[in-house]
Amino acid sequence: MKYYLAKDAAIKWLETPSVYQISLDELHELDGESFSFFKNCASQTGCNTKDSAFIDYCLEEGLLATENVSARRPPIVRSSDPSLRYLELQITSACNLTCKHCYIGDEPRKELSTEQIRTVLTEFEELQGLRVLITGGEPLLHRSFSEINEMLPDFSVRKALFTNGMLLKKEMLRTLKVDEIQVSIDGLERAHDSLRGTGTFRRALEAVKDALDSGFQVSVATMVHGGNLDDFDEMERRFKNMGIKDWTVDVPCATGRLREHAEFHVSPEAGGKYLGYGYGGGMHTSGQGHGCGLHLMAVMADGRAAKCTFYSSRAVGMVQEGLRTCWHRIKPVRLETLQCRCEYLEVCRGGCRYRAELLGSHFGKDLYRCSLYGIIDKTI
């Protein structure tokens, strides 16, 4: 019997050859023999093996299918080292809210053209990318979002839509072509609305429920601020009961509008412990010996490329130069170059480097992470 690479599986030649199950968001590393086997499975002729246990495992994990599916397969080309696995793609800076902690602030509206987005996604796929994070502003406000939405299935990467939920109605969910939806919920009703506007909590929660009912994997992002410190236990209970896939908790950097709203600031001593909340794998990972963002790059709505959206003012280039060119200009942060020397370094990975720079120096410490691990007294 012949077997074929499943529709939602893609071979990725990263530092280690791998096969990625897109819909389940699972990466399986391969040895040389398995790599050759899966490449054969991706061909029109298919593959076979006498190892029935291995075949059963691959079928169960959604890596193989018994029928040849019509799916566009990206080129299998060895990636850069480090590999670019996660791409923040800010398709527009337009937003329908004026959140008090927004790092973008009140910049004029900018957005990538559909041609630019297609080119970026094509290059990201060729670089063996895994996950594109479609962000804004509010990405659903892009003037050509319906056209962008229709092109998404052309690419063998996981698509995650980041939204405030205000426009995420049932009609849109019926046609939305993403694998995951992340909604921002910054506390229970009073705390969330104090940051994002009256009525936004109920609409965001309704959007989460509608997305779950529509069969989407849903994650939630929460920012720690002065108004929501008593809400975390209840948020955790609610999110787990609802079936939220991942809950990401972070402290916003004091930039953009947050600089004008001191009432939402939290000190490292008060806010650090809340970084211990949250669960799941998160949207991107790092690697041993390196700080945050080893496999991450961001593209802004005006075409600038940077190590992440916080570093937009220090862009490494423009997308017109090519994604690979921009990626090679980003220098990985090695943990040995940081001032951090505590026992939690490989777990913490130096925290958020942008936040650390705001608090001190380029090689300094993210005091919020220090506070989480109970060593803040040793760092101030």
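Residues numbered from 1 in each chain as written. Predicted model: local features only at pLDDT ≥ 70, side-chain atom pairs only at ≥ 80, totals over all residues. Heavy atoms only, no water.

A. Structural detail: the state of the cysteines. Per the stated rule, a full pass over the model turns up one disulfide. Two residues, Cys41 and Cys47, share a disulfide whose sulfurs are 1.9 Å apart. With the S-S bond torsion at 95°, the cross-link from Cys41 to Cys47 turns out right-handed. With respect to burial, Cys41 and Cys47 carry one shared label: buried. Considering cysteine sulfurs only, Cys41 is the nearest to Cys58, which forms no disulfide, with 7.5 Å between them. Free of any disulfide, Cys340 has its nearest neighbouring cysteine sulfur in Cys370, separated by 5.8 Å. Owing to a relative accessible area of 9%, Cys340 belongs among the buried residues under this scheme. (Disulfide = S-S within 2.5 Å. Buried < 20%, exposed > 50% of the residue type's maximum accessible area, 1.4 Å probe, protein only.)

B. Layout of the nonpolar core. Leu89, Leu176, Ile181, Ile185, Met297 and Leu323 are the most contacted members of the largest nonpolar core, which has 63 residues in total. For this core, the element with the highest residue contribution is helix α7 (residues 200-213), accounting for six residues. Among residues more than four places away in sequence, those in contact with Met297 are Leu84, Tyr86, Leu87, Glu88, Ala305, Ala306, Lys307, Leu323, Cys326, Trp327 and Ile330. Counting 17 residues, the second largest nonpolar core, distinct from the first, contains Leu5, Ala6, Val19 and Cys41. (Core = buried A, V, L, I, M, F, W, Y, C linked by side-chain atoms within 4.5 Å. Helix = DSSP H or I, 4+ residues; strand = E, 2+ residues; numbered from the N terminus. Contact = heavy atoms within 4.5 Å.)

C. The arrangement of the sheet that holds strand β4 (residues 26-29) in detail. Pairing in this open sheet of three strands is antiparallel, and the strands run β2-β3-β4 from one edge to the other. The open sheet has two free edges, formed respectively by β2 (9-13) and β4, since each of these has just one partner strand. Within this sheet the neighbouring strands show an average axis-to-axis angle of 25°, counted without direction. Note that β2 and strand β3 (residues 17-21) share five bridges and pair antiparallel. Residue pairing in the sheet places Ala9 in a bridge with Gln21 of β3. (Pairing = 2+ DSSP bridges. Axes fitted to C-alpha atoms, helices over the stretch in contact; angles between N-to-C directions.)

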